[in-house]
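Each chain, letter by letter, is given below.
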Amino acid sequence: MTELARLTAITKSFGGVRALQSVNFDVQGGEVHALIGENGAGKSTLMRILGGEMTASSGEVYVGGKRAEFRDPRAARAQGIAIIHQELALAPDLSVAENIFLGELSPFISWNALRRRARALIETLGFNIDPGRRVSTLAVAHQQVVEIAKALSRRVNIIVFDEPTSVLSTQDAERLHGIIRKLRSEGVGIVYISHRLEEVLRISDRVTVMKDGEAVGTFPARDMKIDDAIRMMVGRPMAALFPEKRPRQIGEERLAVRNLNAGRRVRDVSFSVRAGEIVGLGGLVGAGRTEVARLIFGADRLESGAIILNGRETSVKSPKDAVALGVCLVPEDRKLQGVVLDAPIRVNATMAALSAVTNTFGFLKNAHERTIVTDLGTSLRLKASNIEAPVSSLSGGNQQKVVLAKWFHAGGDIIILDEPTRGVDVGAKSEIYGLVLRMAEAGKAVLLISSEHQELFGLCDRVLVMGEGELRGELTPQNYSEENLLSLAISRRTHQAQGGA
């Protein structure tokens, strides 16, 4: 393999904070080099230096064996380096073709030729996307394909993927991995940043582990196990990420749903969750799990069926009704549905129960609110400069803690968590797991939706499995295994797992 780029002794400081300390990293042609570590370990900062978005405080960057000094991303792109960030940099109101060839747009351009070139480029990636379609109307997976096509529209030697599958379904993630394998076979060097360690080890050739701004080491992926990676990242094995389950008193039924129906998305679903119980909802992406959560929370319209809260059949017509009845939902997409990114932590933490921090005339009791939010932050180990900082300034794990703080403040009896650790590093995951157990120990009824099977098995008292909008069966701890869960998920008949599926 040919060395495409090398970063030597890279150090980066922001004021008095050292984000990178003498890091060495290289990219070879025709390989996938994964970069893993907790949030704040320095992964994205290192890649921003490679991509010309930042300059190093000290150290050197070599591209093609020659020293390079990138003053901006355009200079890096001219050297064949493209970075595809987790937050896609597309113009939503422009067409697919316009986004791909944004730098070529002029009053004299041939639009038919532009669309033909865009279609040909997208087809080489194995997709059929209308080049004239507005980007804002595309699914996230297809927007990502447009971003990749945009990178490939120029000469590209190195592509950095930063958390590319955090919002993709399993099927879409596999298609993306197919594109990456194709690019690798053509000699492109791939840098792959992800918290999903299983997929990292499956698709990468080498893995560099970072911790606290330093490179712990670089290892062949085939020689590394998930436990090895986690131990190097956070100092403890995977099993230790899950807090010890203490005996909990399981109380009365808090939530029951009977024969829920909403088109083909949810079909005749019935189950219950008791006080102090953590019930998992597993299955493949598209199985109907999120749809069930949204029906219970009043975010979607229920066609038929009953929702029973604390023993009483209830009409939940809106999220406002649900909150008033003690139902809380931590949504799958925290940035769009869980928080107001530009608003301060303080505002986000109290918005679901403003009456607790306002007087009889509706005015905020500022000192009281600050005390409540400060106490919540301490209790949840929230890492932030202060409670007036915008949520957008926080890491993914701390953003999720703000969502949890909102519901801790609201004080509901029924907590629905939809993919609570998506896009969160392993250290923050462990802290969130502890918070979930705290909720159950406090007598909350917890419904946990997750695509990470080990998360379900490590936290839940039992796991319900859905497929094609139906409830396919239930697993109890003695039957927990990925094989049993997947067997239920793809089964076309509803049955109870007894000693195996």
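Anyway, here's the lowdown on the structure attached to this text.

## Observations concerning the overall build of the protein chain
Logical step 1: A tally of regular secondary structure across the protein chain gives 17 helices and 20 strands.
Logical step 2: Computed over C-alpha atoms, the radius of gyration of the protein chain comes to 24 Å, within 12% of the 23 Å expected from 2.2 N^0.38 for 501 residues, which places it in the range of a compact globule.
Logical step 3: C-alpha extents for the protein chain along the principal axes are approximately 70 × 50 × 50 Å.
Logical step 4: Across the 501 residues that make up the protein chain, the buried fraction comes to 50%.
Logical step 5: Contacts spanning at least 24 positions in sequence make up 65% of the contacts within the protein chain whose residues lie at least 6 apart.

## Here we look at the pattern of salt bridges
Logical step 1: Within this structure, the stated rule accounts for 25 salt bridges.
Logical step 2: With a closest N to O distance of 2.7 Å, Arg206 and Asp26 form a salt bridge. Here the residue Arg206 occupies a position in strand E9 (residues 206-211), and Asp26 occupies one in strand E2 (residues 17-28), the gap between them amounting to 180 residues.
Logical step 3: Linked through salt bridges whose partners overlap, the residues forming this network are Arg267, Glu468, Glu470 and Arg472.

## Here we look at the state of the cysteines
Logical step 1: Under the counting rule described, the total for this entry stands at zero disulfides.
Logical step 2: The thiol of Cys328 is not disulfide-bonded; the next cysteine sulfur, from Cys460, is found 18 Å away.
Logical step 3: Overall, Cys328 belongs to the buried group, its relative accessible area being 2%.

## Some points on the pairing of strand E13 (residues 278-283)
Moving residue by residue along a regular strand, the side chains alternate between the two faces of the sheet.
Logical step 1: Taking burial as the measure, the six residues of E13 include six buried ones, the bulk of the element.
Logical step 2: Of the two faces of E13, both are covered, the one formed by Ile278, Gly280 and Gly282 as well as the one formed by Val279, Leu281 and Gly283.
Logical step 3: Pairing analysis gives four bridges linking E13 to strand E18 (residues 445-449), with the strands arranged parallel. The residue bridging Gly280 from the neighbouring strand is Leu448, located in E18.
Logical step 4: Relative to strand E19 (residues 462-467), E13 is paired through five bridges, and the arrangement is parallel. Bridged to Gly283 within E19 is Met466.

## Focus on the environment of Ile416
Logical step 1: Its place among the elements puts Ile416 in strand E17 (residues 414-418).
Logical step 2: Separated by 223 residues in the primary sequence, Ile416 and Ile193 have C-alpha atoms spaced 29 Å apart.
Logical step 3: Those residues in contact with Ile416 that lie beyond four places of it in its chain are Ala293, Ile296, Val327, Cys328, Leu329, Val330 and Leu447.

## As for unusual backbone geometry
Logical step 1: One non-glycine residue with positive phi stands out, namely Asn259, at about 55 degrees.
Logical step 2: Locating Asn259 in the fold gives a position in strand E11 (residues 253-262).

## As for the packing of aromatic side chains
Logical step 1: With the rule as written, the count across this model stands at three aromatic pairs.
Logical step 2: With 4.7 Å between their ring centres and 10 degrees between their planes, Phe242 and Tyr433 make a pair best called stacked. In this pair, Phe242 sits in the loop between helix H8 (226-234) and E11 while Tyr433 sits in helix H15 (residues 426-441), placing the two residues 191 residues apart along the sequence.
Logical step 3: In this structure Phe242 comes out as buried when scored by relative accessible area, which is 16%.
Logical step 4: For Tyr433, a relative accessible area of 3% puts it in the buried group.
Logical step 5: Ring plane angle 20 degrees and centroid distance 4.8 Å describe the contact between Phe457 and Tyr480, whose orientation is recorded as stacked. Here the residue Phe457 occupies a position in helix H16 (residues 453-459), and Tyr480 occupies one in the loop between strand E20 (470-475) and helix H17 (482-490), the gap between them amounting to 23 residues.
Logical step 6: If you follow Arg117 out to its NZ or CZ, it ends over the ring of Phe101, 4.2 Å from the centre.

## Quick look at H17
Logical step 1: Taken together, the buried positions of H17 are Asn484, Leu485, Leu488 and Ala489. On an axial view of H17, the arc spanned by its buried residues comes to 135 degrees, and they lie on one face. Those residues of H17 that are exposed and aimed more than 90 degrees away from the buried face are Glu483 and Ile490.
Logical step 2: If you follow the buried residues of H17, they end up packed against E13, H16, E19 and E20.

## Remarks on the packing of helix H5 (residues 140-152) against helix H6 (residues 170-185)
Logical step 1: Put simply, H5 and H6 touch, their axes get as near as 10 Å, and they point 15 degrees apart. Judged by the inter-axis angle, H5 sits roughly parallel to H6. Considering only the axes of H5 and H6, their crossing is right-handed. Contacts between H5 and H6 involve Ala141, Gln144, Val145, Ile148 and Leu152 from the former and Asp172, Leu176, Ile179 and Leu183 from the latter.
Logical step 2: Here the contact of H5 with H6 is composed, by residue class, of seven nonpolar, one polar and one charged.

## Digging into the nonpolar core
Logical step 1: In terms of nonpolar packing, the biggest core is built from 73 residues, with Leu255, Phe271 and Ile296 touching the most fellow members.
Logical step 2: At eight residues, H15 tops the list of elements feeding residues into this core.
Logical step 3: Apart from residues no more than four positions distant in its own chain, Leu255 is found in contact with Phe271, Ser272, Val273, Ile296, Ile307, Ile308, Leu309 and Ile414.
Logical step 4: Val96, Leu121, Val135 and Phe161 belong to the second-largest nonpolar core, a separate cluster that totals 53 residues.

## Things to note about the sheet that holds strand E14 (residues 304-309)
Logical step 1: The strand order E12-E11-E14-E15 describes an open sheet built from four strands, whose pairing is antiparallel. Looking along the sheet, the strands with just one partner apiece sit at the ends: strand E12 (266-274) and strand E15 (312-314). Ignoring strand direction, the axes of neighbouring strands in this sheet form an average angle of 20 degrees.
Logical step 2: By the bridge criterion, three bridges tie E14 to E15 in an arrangement that is antiparallel.

Here is what the cut-offs are and how they apply
Residues numbered from 1 in each chain as written. Predicted model: local features only at pLDDT ≥ 70, side-chain atom pairs only at ≥ 80, totals over all residues. Heavy atoms only, no water. Helix = DSSP H or I, 4+ residues; strand = E, 2+ residues; numbered from the N terminus. Rg over C-alpha atoms; globule rule 2.2 N^0.38 Å. Buried < 20%, exposed > 50% of the residue type's maximum accessible area, 1.4 Å probe, protein only. Contact = heavy atoms within 4.5 Å. Salt bridge = Lys/Arg side-chain N within 4 Å of Asp/Glu carboxyl O. Disulfide = S-S within 2.5 Å. Pairing = 2+ DSSP bridges. Phe/Tyr/Trp six-rings, centres within 6.5 Å; stacked < 30°, edge-to-face > 60°. Lys NZ or Arg CZ within 6 Å of the ring centre and 35° of its normal. Arc of directions from axis to C-beta. Axes fitted to C-alpha atoms, helices over the stretch in contact; angles between N-to-C directions. Parallel < 35°, antiparallel > 145°, perpendicular 65-115°, else oblique. Left-handed = near helix turned anticlockwise from the far one by under 90°. Nonpolar A, V, L, I, M, F, W, Y, C, P; charged D, E, K, R; others polar. Core = buried A, V, L, I, M, F, W, Y, C linked by side-chain atoms within 4.5 Å.

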